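# Structural overview for review
One letter stands for each residue in the lines below.
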Amino acid sequence: MKNIVILISGSGSNMLAILKAAQRDRWAAKYRARVSAVISNRADAAGLALAREQGITTEVLDHKAYASRDAFDAALAQRIDHLGGPGEPLVVLAGFMRILTPGFVGHYSGRLLNIHPSLLPAFAGLNTHQRAIDAGCQLAGATVHLVTPELDHGPILAQAAVPVLPHDSADTLAARVLTQEHVIYPAAIEKMLQKT
Ligand code: GAR
């Protein structure tokens, strides 16, 4: 079995879209792949309950319990490799709101994916939707990319664009973008599984 470990910090809607796609599109039968665990750095992440409802093992690793970023990332990697073993799991960041150390990123090189709510390379970082509105963009969107040490960079695997409408707020635009995230993230993961 090829194991996938999903990391979340919040509502987990991308995680749920991935879990549903894995079932619907029979990843276990087609690719011998399955989501083996969901890990959150926040105990109050709503996505944890959603994962459990789907029968997925969950774990919380609170970053505040660690003295340094390096210490947290080392503990996180240990848990990912345990829950995603045997073999090398695919690690999927789905609204995981932590900056990762170069050591962590290097350990998962080529098998660490992220989704970012902008059309990268535009608007790396936070507040992407408000920044797109403020810049007068007519299009916004989301990007799935391989993670490299530089934040929100790395080879692009998939993108989707949506219109920015005249009366959009950051929230209405985010909701429109999110519907597309739920399409492109599972599709990008499935493409990776086809290759491995
Ligand atoms: C998504 O919009 C994702 O693109 C974004 O957080 C949201 C998580 O929603 N990620 C980032 O901003 C990463 N820098 P979800 O928990 O419902 O999937």
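Everything below is about the structure printed above this text.
For the structure given in this document, a descriptive report is provided here. (Residues numbered from 1 in each chain as written. Predicted model: local features only at pLDDT ≥ 70, side-chain atom pairs only at ≥ 80, totals over all residues. Heavy atoms only, no water.)

Before going further, it helps to examine the pattern of salt bridges. Within this structure, the stated rule accounts for seven salt bridges. Residue Glu190 pairs with Lys30 through a salt bridge whose shortest N-O separation is 3.7 Å. Of the two residues, Glu190 is situated in helix α7 (residues 170-195) and Lys30 in helix α2 (residues 27-31); the sequence distance between them amounts to 160 residues. Here Asp168 and Arg176 are joined by a salt bridge, their closest N and O atoms 2.7 Å apart. According to the relative accessible area criterion, Asp168 is buried, its value standing at 11%. Classification of Arg176 by relative accessible area gives partly exposed; the value is 21%. (Salt bridge = Lys/Arg side-chain N within 4 Å of Asp/Glu carboxyl O. Helix = DSSP H or I, 4+ residues; strand = E, 2+ residues; numbered from the N terminus. Buried < 20%, exposed > 50% of the residue type's maximum accessible area, 1.4 Å probe, protein only.)

On to the site of the ligand, then. By nearness alone, every residue bordering the ligand is listed as Ser11, Gly12, Ser13, Asn14, Gly95, Met97, Ile115, His116, Pro117, Leu178 and Glu181. One of the backbone nitrogen or oxygen atoms of Gly12 is found 2.8 Å away from an oxygen atom of the ligand. The separation between an oxygen atom of the ligand and a polar side-chain atom of Ser13 is 2.5 Å. Across the complex, the protein chains shield 84% of the 450 Å² of accessible surface that the ligand would expose by itself. Taken atom by atom, the bulk of the ligand overlaps the largest pocket. Where the shell around the ligand is concerned, the elements lending two or more residues are α1 (13-24), β5 (112-116) and α7. Here the residues of the shell around the ligand sort into four nonpolar, six polar and one charged. (Near = heavy atom within 4 Å. Polar contact = N/O pair within 3.5 Å; in protein donor to acceptor, adjacent residues only side chain to side chain. Areas by Shrake-Rupley, 256 points an atom, 1.4 Å probe, with all protein chains shown as cover. 1 Å grid on protein atoms, 1.4 Å probe; cavity = no way out; pocket = protein on both sides within 12 Å on 5 of 7 lines; lining within 4 Å. Sits in = over half its atoms within 2 Å of the grid points. Nonpolar A, V, L, I, M, F, W, Y, C, P; charged D, E, K, R; others polar.)

Moving on to the packing of α1 against α7. Relative orientation of the contacting elements α1 and α7 amounts to 45 degrees, with a least axis distance of 9 Å. The pairing of α1 with α7 is recorded here as oblique in orientation. Where α1 crosses over α7, the two elements pack in a sense that is right-handed. Residue-level inspection shows Ser13, Asn14, Ala17, Ile18 and Ala21 of α1 in contact with α7, the latter providing Leu178, Glu181, His182, Tyr185, Pro186 and Ile189. Residues belonging to the contact of α1 with α7 are distributed by class as follows: seven nonpolar, three polar and one charged. (Axes fitted to C-alpha atoms, helices over the stretch in contact; angles between N-to-C directions. Parallel < 35°, antiparallel > 145°, perpendicular 65-115°, else oblique. Left-handed = near helix turned anticlockwise from the far one by under 90°. Contact = heavy atoms within 4.5 Å.)

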